[in-house]
Structure formats: structure tokens, C-alpha cells
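Summary of structural features
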Amino acid sequence: MKNNLFYDIDLNRVPNHIAIIMDGNGRWAKSKFLPRTAGHKAGVETIRTVLRECKKLNVKHVTLYAFSTENWKRPKLEVDTLMNLLSTYLKNEVATLHKENVKLTAVGDIDSLPSQCVKELNNGIELTKNNTGCNLNLALNYGGRLDIKNALVDIIKDVKVGKINLDEIDENTISNHLSTKCIPDPDLVIRTSGEERLSNFLLWEVAYAEFYFTNVHWPDFDEKELQKAIFTYQNRDRRFGGIK
Ligand code: FPP
């Protein structure tokens, strides 16, 4: 192991923004004859591990897809468990995040979450808003298409009241009206547990991101797996549509 690293990562070229689709909690639990909710609980532990490692490697932004606009279709018990895990995580963790200079942000339709989650989330966002370390961004009740739709509605409103001219609209106008406007586009998207799709995650923002898929279920994803993803990313040839 070099520099205490499992892989030969160039610490000067870590992705600025890693976005993660934390998949496979249910399958992990099933493989252990446990209820799905046990998988989500184990998944929270992985969040702690991955965030710690991202801070260590100096990754500036970490977006976690914690609950999609489609996840409401799950059984009530599972939705309730996820919401409880979220509010408990925030309640227990926000003071530590603050101490570690982490800035908590969220994207998605936050106000439609259960009131306890909204309260804990807003407390955390307010407390950590001036922090300058790692940015933990939670995608909650988030859908990429909904976010783009909302941006379009806002832009049309701005055009109607004369705040923007139609011929001034460019790609930045759209980026600047998305809920992710304060965060740079992801460099690396990780999806665990074998599925290779985006599931409505950051559709606009991932235009030039690198994708990394692994069969490892989210509760088994650890420091070594994160480093492997970053190492793979660093060995990709990012051309952004140009040539090298
Ligand atoms: C995907 O596994 C995971 C989720 C839909 C939820 C992820 C949420 C957490 C880990 C906990 C709550 C969040 C925070 C920020 C504390 P799955 O259930 O789709 O797994 P499966 O595809 O194997 O069924």
C-alpha cells in the first residue's frame, strides 16, 4: 500500500464531485435473510464510511441519491423506515458534520418530505452553510426530469416578466435554474449493485461525467471500493467532446 492507499491514486487529480446511486440495500439484506430495512440501516453505515474517505481524499462535493421521486411507490413501511433513518442520521450527525467543516446541502422537493425530515434538514443546512470543507449534498425526493421541468417553468416566468430575453437563453441559463445550481457538475457517477442506468439522477448535470458501475451492493461498498472507482476514473481519457 502506497501512502496508505489501496490503489495508486493521484491525490492531485481526485474528482471534484462524486455522485453516487446507492443501490442494492434490499438485495444485500435478502442475501443475508434479513428484512430490506436492515439493508437500509447498513447503507447508512456505508454513507459514514464513504464520506470519511471522501474527506480524506479531498473530494469537494459528494451527492448521494437517497430518495427519488419514484421511491414513494415502495411499501409504506419501507418509506417510513427510510424517512426515519434520514431524520435520525441528520439528528445524530449534523453536529459532527459541522465540527468537521462539512457543508450540508440538499436537492429535490424537500418541502414534501415528512416534517421531521424537513426540520432536521433545514437545521443542518443552516448550521453548516458557511463551512468550507467537503459538501455533502443529499438528493431527496429528487427526480432529474422534475428538476428540468421546474427550471423551464422558472425560465418561462422570467421571460414573461422581462427578466430574461428569449435570445439570451443558453445552456448556463438552464444549469443556473436547476436545484443543483450551486454545485459543479459531477465528474464521476458511481452506481453500486450491478444495475447500469441513471434512474432519473442528475440527467442534465452528468453530460460529461464518467460512469463507474460495480456489482458490490451499497452496504458492502467501502474505502477500498471507493478508491477503486477513483483509480478507474483517473485512468479514463476525458475529452469533453474534443480530441487529445
Ligand atoms: C437503494 O437500495 C437504496 C435506496 C433507495 C435508499 C438509500 C437510502 C439510505 C442508504 C438511507 C437513508 C439516507 C440517508 C442520507 C441517511 P434498494 O432498496 O433499491 O436495493 P435493491 O435494488 O437491492 O432492492
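The text that follows walks through the structure, step by step, so that each part is easy to find.

Calculation rules
Along each chain, the written sequence defines residue order, and numbers are assigned to residues from 1. In keeping with the predicted nature of the model, local features appear solely for residues at pLDDT of at least 70, side-chain atom pairs appear and are counted solely at 80 or more, and the whole-chain, interface and lining totals rest on all residues. Side-chain measures were taken over the full set of non-hydrogen atoms in the model, leaving aside hydrogen atoms and water. Put simply, DSSP H or I for four residues or longer makes a helix, DSSP E for two residues or longer makes a strand, and each gets a number counted from the N terminus. Two things to know: the radius of gyration comes from C-alpha atoms, and the globule rule equals 2.2 Å times the number of residues to the power 0.38. We call a residue buried when its accessible area falls under 20% of the maximum for its residue type, exposed when it is over 50%, and partly exposed in between, using a 1.4 Å probe and counting protein chains only. This count recognises Lys and Arg as positive and Asp and Glu as negative, with His and chain-terminal groups excluded. Positions of charges follow a simple convention, taking NZ of Lys, CZ of Arg, CG of Asp or CD of Glu. Given the number of residues in a helix, its expected span is that number minus one, multiplied by 1.5 Å. What the arc measures is the spread of directions leading from the helix axis to the C-beta atoms. Whether two residues are in contact is decided by their heavy atoms, any of which lying within 4.5 Å being enough. A pair of cysteine sulfur atoms is labelled a disulfide when the two atoms are within 2.5 Å. The pairing criterion for strands is at least two bridges between them, as found by DSSP. Axis angles are defined between N-to-C directions and span 0 to 180 degrees, where every axis is a line fitted to C-alpha atoms and, for a helix, only to the segment in contact. Each residue is tested against the molecule or strand, and it is near if at least one of its non-hydrogen atoms lies within 4 Å. Two N or O atoms count as a polar contact when they lie within 3.5 Å, although within protein this holds only if one can serve as hydrogen donor and the other as acceptor, and sequence-adjacent residues are included solely when both atoms are side-chain atoms. Accessible areas in this description were obtained via Shrake-Rupley with a 1.4 Å probe; residue shielding takes into account the shown protein chains only. Amino acids outside the nonpolar list (Ala, Val, Leu, Ile, Met, Phe, Trp, Tyr, Cys, Pro) and the charged list (Asp, Glu, Lys, Arg) are all regarded as polar, and Gly is one of them. Patch membership requires more than 30% relative accessible area and the absence of a salt bridge. Residues of like charge join within 9 Å; the nonpolar side chains Val, Leu, Ile, Met, Phe, Trp and Tyr join within 5 Å. One side-chain nitrogen of Lys or Arg within 4 Å of one carboxyl oxygen of Asp or Glu is enough to make a salt bridge.

As a further point, take the overall build of the chain. Each helix and strand counted, the chain has seven helices and six strands in total. Along the chain, helices (α) and strands (β) appear in the sequence β-α-α-β-α-β-α-β-α-α-β-β-α when read from the amino end. A compact globule built from 244 residues should have a C-alpha radius of gyration of about 18 Å, and the chain, at 18 Å, falls within 12% of that. Dimensions along the principal axes, computed over C-alpha positions, put the chain at roughly 55 × 50 × 35 Å. Within the span of the chain, comprising 244 residues, buried residues form 48% of the whole. Counting 34 positive and 32 negative side-chain charges, the chain places the centres of these two groups 4 Å from one another.

Let's shift gears to helix α5 (residues 144–160). The periodicity of an α-helix, 3.6 residues per turn, causes residues three or four positions apart to be oriented the same way. Across its 17 residues, α5 extends 24 Å between first and last C-alpha, which sits within 8% of the 24 Å expected from 1.5 Å per residue. Looking only at α5, the buried set comprises Gly 144, Asp 147, Ala 151, Ile 155 and Asp 158. Buried residues of α5, viewed axially, fall in a sector of 70°; they line one side. Facing away from the buried surface of α5 by more than 90 degrees, the exposed residues are Arg 145, Ile 156, Lys 157 and Lys 160. In this structure, the buried side of α5 is in contact with β4 (135–142) and α6 (171–175). Downstream of α5 by one or two residues, Gly 162 has phi in the positive range, about 80°.

What the rule picks out here adds up to zero disulfides. Looking at Cys 134, it has no disulfide partner, and the nearest cysteine sulfur is the one in Cys 54, 6.0 Å off. Free cysteine: Cys 182, not disulfide-bonded; nearest cysteine sulfur from Cys 134 at 16 Å.

Strand order in this open sheet of six strands is β3-β4-β2-β1-β5-β6, and the pairing throughout is parallel. With one partner strand each, in any of the chains shown, β3 (103–107) and β6 (210–213) form the two edges of the open sheet. Between one strand and the next, the sheet's axes are offset by a mean angle of 20°, whatever the strand orientation. Inspection of the sheet shows strand β5 (residues 188–191) paired to β6 by four bridges, in the parallel sense. By the bridge assignment, Val 189 is partnered in β6 with Phe 211. Where helix α4 (residues 115–128) meets the sheet, it contacts β3 and β4, and its direction lies at approximately 135° from that of β3.

The next point concerns the site of the ligand. Surrounding the ligand, one finds 19 residues, the nearest of these being Met 22, Gly 26, Arg 27, Arg 36 and Arg 74. Take Gly 26: an N or O atom from its main chain is 3.0 Å from an oxygen atom of the ligand. The contact in question runs from an oxygen atom of the ligand to an N or O atom on the side chain of Arg 36, over 2.8 Å. When the free accessible area of the ligand is taken as 630 Å², the share hidden by the protein chains comes to 92%. At the level of elements, α1 (25–31), α2 (36–57) and α3 (76–99) are the ones that each hand at least two residues to the shell around the ligand. Here the shell around the ligand gets five residues from one element, more than from any other, and that element is α2. Split by residue class, the shell around the ligand holds eight nonpolar, six polar and five charged.

Of the two faces of β5, both are covered, the one formed by Leu 188 and Ile 190 as well as the one formed by Val 189 and Arg 191. Both strand β1 (residues 17–21) and β5 contribute to a ladder of four bridges, which runs parallel. Note on β5: the bridge partner recorded for Ile 21 is Arg 191.

Moving on, we get to a negative patch on the surface. Residues Asp 167, Glu 168, Asp 170 and Glu 171 make up a contiguous surface patch of negative charge. By the element assignment, Asp 170 lies in the loop between α5 and α6.

By themselves, these figures tell us nothing about what the structure is for.
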